Structures are given as C-alpha cells and as structure tokens.
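The chain contents come next:
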Amino acid sequence: MYTKVALTAALLAVAEARFAQEQIPVSFITALRNFGQPGQADTLAGAVPGVLLAAADPCAKLTLADQIVSTLGTDPQVISGAQKLVAAEQNFNPFAVSVPNICGDASLPATAELRGIVPLVDPAVTGSDVENANSATSLTSPFAADGLSVADVMVAQGFSNFTVNGAAASGGNASGGNAGSADSATTTTAAAAATTTAASTPVFTCGGSKTTTTTAAAAATTTAAASSDGNASNSAVAAGAGAVSDAVTGTFAGFQASSLGLDFGTCTPTVKFEESLNGRKAGEFTFQAQDPVVNKGQQEALNPNIIFNRICDQLVNVCGAADDAVTFCRSQQATLGAGAKDASTADAWNTALGFAGTDINPDNAPQAGLVGHT
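A brief report on the enclosed structure follows. What you see is a predicted model, and the numbers here were worked out from it, not measured in a lab.

## Brief notes about the packing of aromatic side chains
Now for step 1: Inspection of every chain in the model, using the stated rule, returns five aromatic pairs.
Now for step 2: Considering the side-chain rings of Phe159 and Phe162, the 6.0 Å spacing of their centres and the 35° angle between planes classify their relative orientation as tilted.
Now for step 3: Ring geometry for Phe273 against Phe285: centres 5.4 Å apart, planes inclined by 20°, an arrangement best described as stacked. With a gap of 12 residues between them, Phe273 in strand β5 (residues 271-275) and Phe285 in strand β6 (residues 285-289) connect regions that are remote in the sequence.
Now for step 4: Classification of Phe273 as buried rests on a relative accessible area of 10%.
Now for step 5: We note Lys84 situated over the ring of Phe28; from NZ or CZ to the ring centre the distance is 4.8 Å.

Right, dumping it as structure tokens:
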C-alpha cells in the first residue's frame, strides 16, 4: 500500500511539474527591478504567464522579450532575462496535443541579442532530447538566425516535431527570399482553443487571428479529428481520410496507397504546390501537405524541406506508418529537401513516394479565401 501511494504521489508530482511552466521565467524578469522606471519590471513580469500558456500565440513571448529590452534597456542582466524568456518552454498538455506550437515569424525576436535562441519543449514530445540540448546550447552560443524564424532555426538544428503558428501578417520573405524564412506569412491558428486564447490577450499578439471553418463529408471530418488526436489505431481512421472539398481548407482526393507497397499508415504523404495560399501575394507559390490529417495546423512554406519534415513527422505522430515507410520518407527528405522551390520538386516528391501523377494544384489556386490546410 505504501509503495502504491508513494508511486501515485510521484506521478502526480511529475504531472504537476510539467504544468505551470509559465511561472518559471517570472523571477528572471522581477529580478530586473533596478532597471527602467519603478514598477516596469513587475508589469512585464506579470505578462509572462499569459504568453506561455498552452494555447497562447507562440510569437507573443518573443514580442514580450523584445519589449523587456526596449523598456528596461540593454544591460547584460536585462538581456539575460529576456533570453531566458525566449528559451522558456511554453505550457503543454500532452493529453490534448502531441506536438508544441512554434513561432514562424522571421522578424521575431527583433532584438539582435535574442535571435538564434530556441525554446525548450515538453519531454513528452518525440525528439525533445535533441531540442532541449539545443536550447541549452543556444543560450550560450546562439545559432545562426539571419532571416530565419525560431521555427526555421529549430529545423536547421535537427528538430522539426512541431506545428508553426503566428507568422507575420504581411506575408512574404523577411530576408529577400531566404529559404529559411519559409513560414513567414499570414497568421493562422492551429486550433480553436489557440484562436480563443490569442484573441483574449491582444497586447502581446503578433498579428490578427482568424478562425477558418471546415465543412467536409462526415466521414472525412471524423477521420481528421480522430487522427489529429494521435489515435492512429481508432477504427474511424483505419481507411485513411476521406475526400474533402472545402473553399478554405482545400481539396483532398482521399486516402491513396503508395504504388511502392510502402505502408504510410492512415495518411497519404503527398504535397501540393500552389499560388497565394493563406493570403500570400500574387505569384508566390508555396508547398503544403495535401492530406488534411498531415497538414492540420501546419503553415504552407516556401521551403519544401519544411513540409517534407512535417510529413515524415506526422507519419510517426498520427498516421501509424510502418518503420520502413518512415525511414524511406526521411531518405527522400534528405534527397529532395534542398530541391528547387518549384513544381518539379513537388512532382519529384510525390513520384518518389509512390504517387506519380498526383495533381499538385488540387485547389485550382489561386482562390480567394483559400488557406490550404486544416
């Protein structure tokens, strides 16, 4: 009995420790009371928990970190406190989502001393050991980040198991077409909960929020919902996502098996290459996964490697793909990830994975109001 009680207490302690992450950086900022005007450090510290809640816009903490520096000055102690906020883990509920949400705005943080720092992620996330080691390293030796968002830097350092959110509302590249700024585009929300929370804390949001409405066949809606919860074994997704045709989220022909005989689980790992997705300017083409289960919450990208990463990650996270199929996906990512940012790379990817002839513009883009993902 004692052993059982002790074990239960230990598990509860661990669970509790993974929540309340939003409180950890507060002391770093309250320690800056000697800088700025009286009360400013406390006011800024009071804003910290709100930007680290699970459903908060991930760009909000970067905006707040910049505000700390602009308000309190550039003393090394101030910079250190702001850097720790940038590196802080955003609250995470692994029972609700399977991966963290990361800022894709290449203009943030704007303070040079804060760039190149990547955040901690919940240990429950696959690959967290790599990312958390990178985060510790970045606080002492920031990674190269010219023209890159925090999300881009994380991918460049070997971790891509996340969704991207909160990109700059202006769209386009932040650094003259740098491939790393692939996710710099319109702000979108990864889930309704994120939309609600971001809208309730407008002081530190990085851009407007918008809610997209998805209407699809009942079977497809059920499938996407079940798969996005990471329940690959659920009978509702056993045959893969059904066909979807939606003016906002886009068109998906429905689950298809690979001609190579590879088992990609319940997902179809194809890509599309379309113009003006998600409010991007005319003539700007981006890559995106076609399967709504795979692209859920993932922003389109100029850099094909971002989307290839996402597809391979989702094969593990929600699709229930066989190990050899995941390995093959990674090998093709390594081969094609640095390919030309044009239709030829999308075609090459689809063909390589056993889906030759796939329509890479199923949405007949450009279309007004087309976001292109769920």
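## Some details on the pairing of β6
Now for step 1: Among the five residues in β6, four count as buried, and that is most of the element.
Now for step 2: Of the strand pairs in this sheet, β5 and β6 are connected by five bridges, and their pairing is antiparallel. Bridging from a neighbouring strand, Lys272 pairs with Gln288 of β6.

## Quick word on the state of the cysteines
Now for step 1: With the rule as written, the count across this model stands at three disulfides.
Now for step 2: Between the sulfur atoms of Cys267 and its disulfide mate Cys319 the distance is 2.0 Å. Disulfide Cys267 to Cys319: torsion about the S-S bond roughly -85°, handedness left-handed. Remark: Cys319 occurs in the loop between α11 (304-317) and α12 (323-336) and Cys267 occurs in the loop between β4 (250-252) and β5; sequence separation between them is 52 residues.
Now for step 3: Exposure remark for Cys267: the relative accessible area of 1% places this residue in the buried category.

## Quick word on the environment of Ala334
Now for step 1: Structurally, Ala334 is set in helix α12.
Now for step 2: Separated by 29 residues in sequence, Ala334 and Asn305 place their C-alpha atoms 8.5 Å apart.

## Focus on the environment of Ser80
Now for step 1: By the secondary structure assignment, Ser80 is in helix α5 (residues 76-86).
Now for step 2: The spatial distance from the C-alpha of Ser80 to the C-alpha of Ile29 is 9.5 Å, given a sequence separation of 51 residues.

Cut-offs used in this document
Residues numbered from 1 in each chain as written. Predicted model: local features only at pLDDT ≥ 70, side-chain atom pairs only at ≥ 80, totals over all residues. Heavy atoms only, no water. Phe/Tyr/Trp six-rings, centres within 6.5 Å; stacked < 30°, edge-to-face > 60°. Helix = DSSP H or I, 4+ residues; strand = E, 2+ residues; numbered from the N terminus. Buried < 20%, exposed > 50% of the residue type's maximum accessible area, 1.4 Å probe, protein only. Lys NZ or Arg CZ within 6 Å of the ring centre and 35° of its normal. Pairing = 2+ DSSP bridges. Disulfide = S-S within 2.5 Å.

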